[in-house]
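Breakdown of the fold
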Amino acid sequence: MIPLYARRRAVNLFASSLMFAATCIGLFFLAWILWTTLKLGMTAMHWDLFLKDTPAPGNGGYGLRNAFVGSLILMGIALLIGVPVGLMAGTWLAEYGGRSRMANLVRFVNDIMLSAPSIEIGLFTYAIMVDPMGHFSAISGGVALSILMIPIIVRTTDEMLKLVGGEMREAAIALGAPMWKVITHITWKGARAGILTGILISLARISGETAPLLFTALNNQFFSTKLGAPIANLPVVIFQFAMSPYENWQQMAWAGAFVAIVFILTISVCSRLILQSAVKRS
Amino acid sequence: MANSEAPEPARGRRVIVLQADFLFHKLAVLMATVVGITLLAAVAAIGYDSWPAIKTFGVLGFLTSSQWDPVSRHFGAYPFIVGTLVSSTIAMLLAVPVSFGVAVFISELAPGWMRQPVSAAVEMLAAVPSIVYGLWGLLVFAPAFANVEPWINDHLGVIPGIGRLFQGPPMGIGMLTAGIVLAIMILPYISSIMRDVFIATPVQLKESAYAMGATTWEVARNVLLPYTRTAVAGGIFLGLGRALGETMAVTFVIGNSDNLSASLLMPGATIPSVIANEFTEATSKLYISSLIYLGLVLIAITLIVQVLAVLLLGSLRRRPGGAA
């Protein structure tokens, strides 16, 4: 064999093995993280988690009920704010703005916000809500999460609406339908699966967010549903419990992480199924 | 139409329809404007809240002072800026080559049936919340890594010059641990963009190189990488932006010390980690304002990186199901 060819083959074999190894490294860490969370989370599972509130430091209680309820409330507020704003802004981009300079500027800002570190969003919400109000509150936590959620919804809505064919719009306009009816009845319906996927992805993204809640919703050792007061929530409770020296608190942190991961994976699978069934139907 | 009463109700409805149309349009414009000004509003609001600290310490004085002392009420950002840059640099040094390997493996080497599951699995790394990375990093990875650190001491620590970076007590937590955890976290972001653009490279380009007898490695190096370099650079900057701003995972494993140390095995702190750690304990107005000022510095750093990422990625828009 020609030496040059042999050398090239050897280099290729070496590089290919490195690439294979790189993939194995990635999968190894994924397996390690998921396996630990599943193992330690499952062993820490107990009905009390869902029925009792977080115990005081040092005593052996067990429970995360207030944190679960608080997280659901925060996500609810975020959805109530994030979905209308994101949906309408995305609709404007796709249906009215098009390729205009203003629309491209909004897209640019939205892209920046999409990858903005969540701690910056937390500080922003602290500055506009917590600081003027003078205290931490559930509502400001919900607002912080909605600011994280909006760019994702705007992006997917914009892209999904652009995929709806022009013929459908033109047919509706030719029948005399006004623009808002064309959008709500024709294009939104055509892009329904994609828009819903975007909303689900944004929900998965915010469900594990911790940093922005530290400056807004904070935490609450007790059960609370008051929007004007600090509220317990899963991510901050995990943070607090993981850093603690108490055995039962660390166990609860793992149980919380397990629930969070199961929640996120369920949402991701659902969104994939929705998208797939929509592709099959069309 | 010329008949007497018939058009009247029709015209009445027309007005209502037009108003609904008008309102819908204006509502959409309003929401788009809200989205368009959030960035400016965020910078303005955070700037406003950091004003007391800016007035007290100035800009250069804050950036270059390494004294962070809540008791004497003097705050300087230098150790945290260095910590942020160092941990992100470690993360990039580890994550970029591995991401490249993963992307080429998926797009060129893996058999067809393997591509989808492997991509999905790697992207799942992006779905794991950062709090779980932190929990795993602190309670599982750091203790395991502490067993490796004596080896690092003995082998890397003796290299002249850079050896100093790898000398220190085997605590498990520290700058290097934070860099490694960050690398795992940003791996899916960089690799999914690389994979997408590698797969989207025109088949004719790849096939002609293969037809000339090029090996997979030569195609990756001499065809794929030059053809996609703008988007690849964009993906790298996107990952860097993530690493710079990552908060929870770093807070768990970096050790949170405001002393700068030459060794990567020693604890340190980053801008996000010090904010997350001290914000709720900050007692004085100036303390809180200084922490928010740190946030303003972080925004300045990440904005440059993010703008570069968005501009380099340009028309390449990430897919809704992707890691972005």
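Residues numbered from 1 in each chain as written. Chains lettered and ligands numbered in written order. Predicted model: local features only at pLDDT ≥ 70, side-chain atom pairs only at ≥ 80, totals over all residues. Heavy atoms only, no water.

1. As for the overall build of chain B
Counting its secondary structure elements, chain B contains 13 helices and two strands. Here chain B has a C-alpha radius of gyration of 26 Å; the compact-globule value for 324 residues is 20 Å, and the former is much larger. With respect to the three principal axes, the spread of C-alpha positions in chain B is 100 × 70 × 35 Å. For chain B, the residues scored as buried account for 54% of the 324 residues in total. (Helix = DSSP H or I, 4+ residues; strand = E, 2+ residues; numbered from the N terminus. Rg over C-alpha atoms; globule rule 2.2 N^0.38 Å. Buried < 20%, exposed > 50% of the residue type's maximum accessible area, 1.4 Å probe, protein only.)

2. Some remarks on the overall build of chain A
Helix and strand content of chain A: twelve helices and zero strands. Listed N to C, the secondary structure of chain A is α-α-α-α-α-α-α-α-α-α-α-α in terms of helices and strands. Its C-alpha atoms give chain A a radius of gyration of 24 Å, more than 25% over the compact-globule value 19 Å for 282 residues. When the 282 residues of chain A are sorted by exposure, 55% land in the buried category.

3. A short note on helix H9 (residues 192–207) of chain A
Taking 1.5 Å per residue as the helical rise, H9(A) with its 16 residues ought to reach 22 Å, and the 23 Å between its terminal C-alpha atoms agrees with that figure. With respect to burial, H9(A) is a largely interior element, 13 of its 16 residues being buried. (Expected span 1.5 Å × (residues − 1).)

4. A few points about the packing of helix H1 (residues 3–43) of chain A against helix H9 (residues 216–227) of chain B
Two numbers describe how H1(A) lies on H9(B): the axes approach to 7 Å, and their chain directions differ by 75°. On the basis of the axis angle, H1(A) is roughly perpendicular to H9(B). In this structure, H1(A) contributes Arg8(A), Val11(A), Asn12(A), Ala15(A) and Met19(A) to the contact, and H9(B) contributes Thr216(B), Trp217(B) and Glu218(B). Classifying every residue of the contact of H1(A) with H9(B) by side-chain character gives four nonpolar, two polar and two charged. (Axes fitted to C-alpha atoms, helices over the stretch in contact; angles between N-to-C directions. Parallel < 35°, antiparallel > 145°, perpendicular 65-115°, else oblique. Contact = heavy atoms within 4.5 Å. Nonpolar A, V, L, I, M, F, W, Y, C, P; charged D, E, K, R; others polar.)

5. Overview of the domain arrangement of chain A
Residue and element names in this part refer to chain A. Here chain A is described as being made up of domain 1 (4–43) and domain 2 (49–281). Put simply, the middle of domain 1 and the middle of domain 2, counted by C-alpha atoms, are 33 Å apart. Domain 1 puts seven residues into the contact, and the matching count from domain 2 is five residues. At the boundary of domain 1 and domain 2, one finds zero salt bridges. Applying the counting rule to domain 1 against domain 2 returns zero residue pairs in polar contact (both at pLDDT 80 or more). (Domains from an automatic or database assignment. Salt bridge = Lys/Arg side-chain N within 4 Å of Asp/Glu carboxyl O. Polar contact = N/O pair within 3.5 Å; in protein donor to acceptor, adjacent residues only side chain to side chain.)

6. Here we look at unusual backbone geometry
All names here are of chain B. Of note in the backbone geometry, Arg73 takes a positive phi value of approximately 55° without being a glycine. Residue Arg73 is classed as partly exposed on the basis of its relative accessible area of 44%. One non-glycine residue, Asn256, lies in the positive phi region at around 50°. As for its position among the elements, Asn256 is in the loop between helix H11 (248–253) and helix H12 (271–278).

7. Concerning the interface of chain B and chain A
The extent of an interface is frequently quoted as the accessible surface area lost upon association of the parts. The interface is formed by 86 residues belonging to chain B together with 79 residues belonging to chain A. Across the chain B to chain A interface the summed buried area is about 7,500 Å²; carbon plus sulfur atoms make up 77%. A salt bridge links Glu218(B) to Arg8(A), with the nearest nitrogen and oxygen atoms 2.7 Å apart. The tally of links between chain B and chain A comes to ten residue pairs in polar contact (both at pLDDT 80 or more). Here the side of chain B that touches chain A takes 20 residues from helix H1 (residues 7–49) of chain B, the largest share from any one element. Looking at the side of chain B that touches chain A residue by residue, the class counts come to 60 nonpolar, 18 polar and eight charged. (Buried area = accessible area lost by both parts, 1.4 Å probe.)

8. What about the pattern of salt bridges?
Residue and element names in this part refer to chain A. This model, assessed by the stated rule, comprises 13 salt bridges over all chains. Of the charged contacts, one joins Arg107 and Asp158 as a salt bridge, the two residues approaching to 2.6 Å between their closest N and O atoms. Note that Arg107 is positioned in helix H4 (residues 101–114) and Asp158 in helix H6 (residues 138–163), a separation of 51 residues in sequence. Overall, Arg107 belongs to the buried group, its relative accessible area being 6%.

9. Regarding the environment of Thr157(A)
Residue and element names in this part refer to chain A. In this fold, Thr157 is placed in helix H6. Among the residues examined, Thr157 registers a relative accessible area of 0% and is labelled buried. C-alpha of Thr157 to C-alpha of Gly90: the two residues are 67 residues apart in sequence and 5.1 Å apart in space.

10. Observations regarding the environment of Asn256(B)
All names here are of chain B. Overall, Asn256 belongs to the partly exposed group, its relative accessible area being 28%. Taking the C-alpha atoms as reference points, Asn256 and Gly174, separated by 82 residues in sequence, lie 8.3 Å from one another. Those residues in contact with Asn256, other than ones at most four positions away along the chain, are Thr251, Gly268, Ala269, Ser273 and Asn277.

11. Let's talk about the nonpolar core
The biggest cluster of nonpolar side chains holds 185 residues, and the ones touching the most others in it are Tyr133(B), Phe198(B), Ile275(B), Phe279(B) and Leu294(B). Examining the composition of this core, we find that 16 residues originate from one element, helix H7 (residues 175–200) of chain B, more than from any other. Mapping this core onto the domain boundaries places at least three of its residues in each of domain 1 (4–43) and domain 2 (49–281) of chain A. Those residues in contact with Leu294(B) that sit more than four places away from it in its chain are Phe62(B), Trp68(B), Ala77(B), Phe80(B), Ile271(B), Val274(B) and Ile275(B). (Core = buried A, V, L, I, M, F, W, Y, C linked by side-chain atoms within 4.5 Å.)

12. Comments concerning the packing of helix H4 (residues 78–109) of chain B against helix H5 (residues 112–127) of chain B
All names here are of chain B. Remark: H4 packs on H5, axes separated minimally by 9 Å, with the N-to-C direction vectors making an angle of 155°. Relative to H5, H4 is oriented roughly antiparallel. The element H4 and its partner H5 pack so that their crossing is left-handed. Contact with H4, carried on its side by Val102, Phe105, Ile106 and Ser107, involves Met114, Arg115, Val118, Ser119 and Val122 of H5 and no other residues of that element. (Left-handed = near helix turned anticlockwise from the far one by under 90°.)

13. Re the packing of aromatic side chains
With the rule as written, the count across this model stands at 27 aromatic pairs over all chains. Where Tyr126(A) meets Phe279(B), the ring centres are 4.9 Å apart and the plane angle is 90°; that geometry is what we call edge-to-face. A residue pair is termed interchain when its members come from two chains, as with Tyr126(A) in helix H5 (residues 118–133) and Phe279(B) in the loop between H12 and helix H13 (285–313). For Tyr126(A), a relative accessible area of 8% puts it in the buried group. (Phe/Tyr/Trp six-rings, centres within 6.5 Å; stacked < 30°, edge-to-face > 60°.)

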